[in-house]
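Here's the letter readout for the chains.
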Amino acid sequence: MVRISQQRVKCIGCNACVEAAPYRWRMSRKDGKCTLIQAVEKRGMFNILVTDDEYEANVDAAMHCPVNCIKIEQI
C-alpha cells in the first residue's frame, strides 16, 4: 500500500501532479489548486491509501511539485 499526502494550503496550482498522475490529481475550478482525488482531509492534510501500482507516477508528481506539498510513502 502507498499513502499519498498533500498539504493543499501550500499548493500553487502548477499542474505538475496532474500531468504525472491525472487519474489521482485534478485542478480545482474554485481556487486553482490541485486536488487529491478521493482523499480525506484531516487537520489541513489530505490523505489517501492506494495500491502499489500508483507509486511511481505519484513519486514523479511529488518530485516535480515546486513547493513540496506532496508526500509519498510505502506502508
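Because the structure is a prediction, the values reported are computed rather than measured.

**Q** So what exactly am I meant to see when it comes to helix α2 (residues 55-64) here?
**A** For α2, the set of buried residues is Ala57, Asn58, Ala61 and Ala62. One face of α2 carries all of its buried residues, which in axial projection span an arc of 140°. Along α2, exposed side chains directed more than 90 degrees from the buried face belong to Glu56 and Met63. In this structure, the buried residues of α2 make contact with β1 (2-6), α1 (16-20), β2 (25-27) and β6 (70-74).

**Q** What exactly am I supposed to notice about the sheet that holds strand β5 (residues 45-50) here?
**A** The pairing of strands in a sheet happens through backbone hydrogen bonds and is either parallel or antiparallel. Here four strands make up an open sheet; going across it, the order is β4-β5-β1-β6 and the pairing antiparallel. Of all the strands in the sheet, the pair left with one neighbour each is β4 (40-42) and β6. Going across the sheet, the axis of each strand differs from the next one's by a mean of 25°, ignoring polarity. Where β1 and β5 come together, five bridges link them in antiparallel fashion. In the strand pairing of β5, Ser5 is matched with Asn47. In the packing of α2 onto the sheet, contacts are made with β1 and β6, and the angle to β6 comes to roughly 150°.

**Q** Explanation requested: the environment of Ile75 in the structure shown.
**A** By the secondary structure assignment, Ile75 is in the segment after β6. You can call Ile75 exposed: its relative accessible area is 57%. Taking the C-alpha atoms as reference points, Ile75 and Leu49, separated by 26 residues in sequence, lie 9.1 Å from one another. Dropping the residues within four chain positions of it, Ile75 is found in contact with Met1, Arg3 and Leu49.

Each value, and the rule that gives it
- Residues numbered from 1 in each chain as written.
- Predicted model: local features only at pLDDT ≥ 70, side-chain atom pairs only at ≥ 80, totals over all residues.
- Heavy atoms only, no water.
- Buried < 20%, exposed > 50% of the residue type's maximum accessible area, 1.4 Å probe, protein only.
- Helix = DSSP H or I, 4+ residues; strand = E, 2+ residues; numbered from the N terminus.
- Arc of directions from axis to C-beta.
- Contact = heavy atoms within 4.5 Å.
- Pairing = 2+ DSSP bridges.
- Axes fitted to C-alpha atoms, helices over the stretch in contact; angles between N-to-C directions.

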